[in-house]
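Summary of structural features
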Amino acid sequence: MQRVRLLVFNAALGVLDYRVPQGVTIPFGSIVAAPLGPRQILGIVWEAERLSAQEVPDAKLRPLLEVMPVPPMSERLRRLIEWTADYYCAPLSAVARMALGSTAALRGGGTSTEYRLTGAEPARLTPQRAAALDALQGEQASIRELAELAGVSEGVLRGMVGAGLLEAVTVDLDRPYPPAAPDFAQPVLSDLQRSAADVFVHAVQDARFAPFLLDGVTGSGKTECYFEAVAEALRLDRQVLILLPEIALTENFLRRFEHRFGVTPILWHSSLKSSERRRAWRAIVQGNAQVIVGARSALFLPYANLGLIVVDEAHEISFKQDDGVRYNARDVAVMRAKFEGLPIILASATPALETMQLAEAGVYRKIDLPSRFGGAQLPDIQVLDLREQAPERGRWLAPPLVEALRDRLAKGEQSLLFLNRRGYAPLTLCRNCGYRFQCPNCTAWLVEHRFSRRLACHHCGHEAPVPDACPECGTGDCLVACGPGVERIADEVAEILPEARTALVTSDTMNNPQAIGEFVAMAESKAIDVIIGTQLVTKGYHFPDLTLVGVVDADLGLEGGDLRAGERTYQQIAQVAGRAGRGEKPGEVLIQTRHPEASVIAALANGDRDAFYAAETEARRDAGAPPFGRWAAIIVSSEDQAEALSAARAIGGTAPDLPDMLVLGPAPAPLALLRGRHRFRLLINARRSAELQKTLRSWLDPLDFPKGVRVNIDIDPYSF
Ligand code: ADP
Ligand code: ZN
């Protein structure tokens, strides 16, 4: 009898064996439906010898039900899934699920029904219908998605269908995407760009594993360079995957792509509508999707004929996923290129130290773009020592920065103030009794958001209105905001430069593509004088008349004391500084700090990136940190504090005693309470040669914990 072994998408079920009807062969990688009790389950047919499972006697095997009408997942992708699960100590099923993308798309394209407004003008409306009419202008989606969008029940929308206000449209899920034209608008590349682009073009033609680090200063034209490689892949009819760190950056990118190739690329991210998701997934597996732009999750999709991977802003920490499978998309992308035999381009102006080391060791080929495109100069960077140049009382901008802002406003040039802190103030307290507003679910202060008049936790999303009186002592009108957030800086700018037109750019204000699009259009048409923003404004934007960048608090990122604080601070400030002087007028950057002597700040001020990497290399070498040694974190959590602690102690108590591994803790995790769960942490520092994952598995797998305890392993953690 013929049997197959399935990898199913639920770790608790493990691996399941089934019978295959006589005379039928089902290739590995096929996605199939199988019976499980009274229900059905989906799985991928896997090589049995690679998945251990309890042998089920022939007589007990149930037959497979159906093979899904999609191409089997390639062996290369199956090996990548195994590698990822192995490296990050994650369940294979959880990684495989990311490859599946859209289960709804498996059964074939066909059509789906969506709804849109008919445009009919009703005489009288219930308030709910009126709200829905307003919210759904220009939208087309399923009833469920429209209901979510409009914040009304599905019943209200069905009623509107009956009343002729909404109409059904049939959408063909296999309708082709308009083709991208490799030569739609070819730019004239500089000599430097040309020679870099040629290297990439040849690598695409060669179709072998070839990792590149495209190391170019901000404004050097990295995008135009790798677009040439994209064009070559299009000519050869191969697919391209471009990973971007944040979907907020995408708006700008899409426009540039369209300008170059005549159409927008296909987007893949977690908030796609289900019909868009199904359509994109089917086009990807069938080879009908050419260029896919996505966040991390696009990495595992079953591309039919991938020819190139690009990771833009490759140093960004958001490539590291912090829940579920804790993987680093930049690193897994390189592995995917390796398994698939493809070129991969990591583009950055401030590469991570790990990436730099691999380039220096010759593992990655480094391609440099050392100067800005079109003769623009890198900005002049000055440090403002806040101990000497103190802002006025209750203010946060030092006099020279205020002067510089005035000067730009007078000249009709634009300025940008960067502070990586959302909200009005990071801490709110009572002037009378000192009561501090803390999140009930997390070890974190609630952040006041003045525009929405709410206190919010940035970790779990808890929100409460700003109260009129202190909940502790009852004193009215007693709340004091401590420290600045971007909203407070916006207020300060409004006070000192009342005539300036300002824009606040944070994830609170720029939470949809329209808002971002409007902001970019206004900034480009010079309808904005001063931009105030969080890390959202640090990258991607190109405003030629922006000549001043003010870093409100350069020390903010250094306070955390975590391993990558220095690097992250350097990257952020270098990126935001890179927004200044991108056109003909020179740029100036003012960095406010209390620690001008810190090596990060000094390197920024001197424009000496090598000095920064040298200092950082030494610090990491001393700490046994990556790339010299490796870190892993074990986070033990439970809603019950005692239970979490005793589980963490049990782990600590059974730690292996190895010469190449050091186990620290357990100690309360930096966020000791997160979303209502108490968290303890063990840190493992290992030599590079240590068999870290193997040791972790043989250490943790035999341990048993109460049901409410969760044990998460984080390999190469970014923040701990
Ligand atoms: P980076 O990503 O390296 O910071 P960009 O790719 O954003 O740089 O390029 C900076 C600016 O220069 C952009 O506005 C881009 O359109 C422009 N640019 C770059 N290369 C060319 C070129 N060959 N021809 C015309 N404009 C270019
Ligand atoms: Zn919280």
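Rules used in this analysis
Residues numbered from 1 in each chain as written. Chains lettered and ligands numbered in written order. Predicted model: local features only at pLDDT ≥ 70, side-chain atom pairs only at ≥ 80, totals over all residues. Helix = DSSP H or I, 4+ residues; strand = E, 2+ residues; numbered from the N terminus. Buried ≥ 20, exposed ≤ 12 C-beta atoms within 10 Å, placed from the backbone. Contact = placed C-beta atoms within 7 Å. UniProt positions renumbered as here; feature names shortened; annotations may be inferred. Axes fitted to C-alpha atoms, helices over the stretch in contact; angles between N-to-C directions. Parallel < 35°, antiparallel > 145°, perpendicular 65-115°, else oblique. Left-handed = near helix turned anticlockwise from the far one by under 90°. Nonpolar A, V, L, I, M, F, W, Y, C, P; charged D, E, K, R; others polar. Pairing = 2+ DSSP bridges. Expected span 1.5 Å × (residues − 1). Near = placed C-beta within 6 Å. Core = buried A, V, L, I, M, F, W, Y, C linked by C-beta atoms within 7 Å. pLDDT = per-residue confidence, 0-100.

Check the secondary structure of the protein and you find 19 helices and 29 strands. Along the first, second and third principal axes, the C-alpha atoms of the protein reach 85 × 75 × 65 Å. Per-residue burial for the protein yields a buried fraction of 43% across its 720 residues. Counting contacts in the protein only where the partners sit at least 6 residues apart, residues at least 24 apart contribute 74% of the total.

Further remarks concern the environment of Thr 534. Within the secondary structure, Thr 534 sits in the loop between β23 (530–533) and β24 (546–551). Note: C-alpha distance between Thr 534 and Ile 635 (101 residues apart in sequence) is 29 Å. Beyond its immediate stretch of four places on either side in the chain, Thr 534 contacts Leu 419, Asn 420, Arg 421, Arg 422, Val 486 and Thr 506.

Here we come to the UniProt feature "binding site: Zn(2+) 2" (unreviewed entry) in the protein. The UniProt record marks Cys 439, Cys 442, Cys 457 and Cys 460 with the feature "binding site: Zn(2+) 2" (unreviewed entry), using the residue numbering of this structure. A maximum C-alpha distance of 8.7 Å is found for the annotated residues, which run over 22 residues; spatially they form one tight group. Of note, Cys 439 is situated in the loop between β17 (427–430) and β18 (447–449). Dropping the residues within four chain positions of it, Cys 439 is found in contact with Ala 444, Leu 446, Cys 457, His 459, Cys 460 and His 462. Of note, Cys 442 is situated in the loop between β17 and β18. Ignoring any residue separated from it by four or fewer positions in sequence, one finds Cys 442 in contact with Cys 457, His 459, Cys 460, Leu 671, Leu 673, Leu 674 and Arg 675.

Attention now goes to the packing of helix α6 (residues 191–206) against helix α7 (residues 222–235). The contact between α6 and α7 brings their axes to 8 Å, and the two run at 30°. When the interaxial angle is binned, α6 and α7 end up roughly parallel. Between α6 and α7 the crossing geometry is right-handed. Residues Gln 193, Ala 196, Ala 197, Phe 200, Val 201, Val 204 and Gln 205 of α6 form the contact with α7, whose participating residues are Glu 224, Cys 225, Tyr 226, Glu 228, Ala 229, Glu 232 and Ala 233. Its residues assigned to classes, the contact of α6 with α7 comprises nine nonpolar, two polar and three charged.

The two faces of a sheet get side chains in turn, since along a regular strand they alternate between them. In this structure, strand β1 (residues 2–8) lies alongside strand β4 (residues 39–46), joined through four bridges in antiparallel fashion. Across the sheet, Leu 7 pairs through a bridge with Ile 44, a residue of β4. When strand β3 (residues 31–36) meets β4, the two strands line up antiparallel, connected through six bridges. From the neighbouring strand, Val 32 faces β4, where its bridge partner is Gly 43.

This next bit is on the UniProt feature "binding site: Zn(2+) 1" (unreviewed entry) in the protein. According to UniProt, the "binding site: Zn(2+) 1" (unreviewed entry) feature falls on Cys 430, Cys 433, Cys 470 and Cys 473. The annotated residues occupy 44 residues of the chain but converge on a single region, no pair of C-alpha atoms lying more than 8.6 Å apart. Examined against the element boundaries, Cys 433 turns out to sit in the loop between β17 and β18. Setting aside chain neighbours within four positions, we find Cys 433 in contact with Cys 470, Glu 472 and Cys 473. By the secondary structure assignment, Cys 470 is in the loop between β20 (463–465) and β21 (479–482). Sequence-distant contacts of Cys 470, that is, excluding residues within four places in its chain, are made with Cys 430, Asn 432, Cys 433, Tyr 435, Thr 475 and Cys 478.

This part covers helix α10 (residues 329–340). Between its first and last C-alpha atoms α10 spans 16 Å; for 12 residues at 1.5 Å apiece the expected length is 16 Å, and the two agree. In terms of burial, α10 is largely enclosed, as nine of its 12 residues are buried. Taken residue by residue, α10 has Ala 329, Arg 330, Asp 331, Val 332, Ala 333, Val 334, Arg 336, Ala 337 and Glu 340 as its buried positions. Directly beyond the C-terminal end of α10, a positive phi value near 70° is found at Gly 341.

Under the 1.5 Å per step criterion, the end-to-end length of helix α15 (residues 565–577) is 18 Å for 13 residues, consistent within 8% with the ideal 18 Å. Among the 13 residues that make up α15, 12 are buried, leaving the element largely enclosed by the rest of the structure. Within α15, the full set of buried residues consists of Gly 566, Glu 567, Arg 568, Thr 569, Tyr 570, Gln 571, Gln 572, Ile 573, Ala 574, Gln 575, Val 576 and Ala 577.

This part takes up the sheet that holds β20. Ordered by their spatial adjacency, three strands build an open sheet running β18-β19-β20, and the pairing between neighbours is antiparallel. The outermost strands of the open sheet, each flanked by one partner alone, are β18 and β20. Here the average twist between neighbouring strands, direction ignored, is 30°. The sheet contact formed by strand β19 (residues 454–456) and β20 spans three bridges and is antiparallel. Note on β20: the bridge partner recorded for Arg 454 is Pro 465.

Now for the site of ligand 1. Around ligand 1, 15 residues are found, and the nearest of them are Pro 187, Gly 221, Lys 222, Thr 223 and Glu 224. By residue number, the principal contributor to the shell around ligand 1 is α7, which donates three residues. In the shell around ligand 1, the residues fall into four nonpolar, nine polar and two charged.

This brings us to the nonpolar core. Ranked by internal contacts, the top residues of the largest apolar core, which has 164 residues, are Leu 6 and Ile 591. Among the elements that take part in this core, α7 stands out by supplying eight residues, more than any other. Within the second largest apolar cluster, 11 residues are counted, among which are Leu 136, Ala 141, Leu 146 and Leu 165.

What follows concerns the sheet that holds strand β5 (residues 66–67). The strands making up a sheet are joined through hydrogen bonds of the backbone, oriented either antiparallel or parallel. Read across the sheet, five strands follow the order β2-β1-β4-β3-β5 without closing on themselves; strand pairing throughout is antiparallel. Each of the sheet's edge strands pairs with one partner strand only, and the pair in question is β2 (15–20) and β5. In this structure, β3 lies alongside β5, joined through two bridges in antiparallel fashion. When the sheet's bridge partners are listed, Ala 33 is paired in β5 with Glu 66.

Quick look at unusual backbone geometry now. With omega at 5°, the peptide bond leading from Pro 626 into Pro 627 counts as cis. Checked against the element boundaries, Pro 627 lands in the loop between α17 (609–623) and β26 (629–638). Going from Gly 665 to Pro 666, the amide bond is cis rather than trans, its omega being 15°. Along the chain, Pro 666 falls in strand β27 (residues 661–674). Residue Asp 477 is not a glycine yet carries a positive backbone phi of 50°. On the secondary structure map, Asp 477 appears in the loop between β20 and β21. Of the residues examined, Asp 477 has 9 C-beta atoms within 10 Å and is grouped as exposed.

Looking at the protein as a whole, the pLDDT averages 91, with 99% of positions reaching at least 70. Reported confidences for the modelled complex are a pTM of 0.90 and an ipTM of 0.96.

Residue position: His 269 is located in the loop between β10 (266–268) and α9 (274–286). In the structure, His 269 is positioned 28 residues away from Ser 297 in sequence and 6.7 Å away in space, judged by C-alpha atoms.

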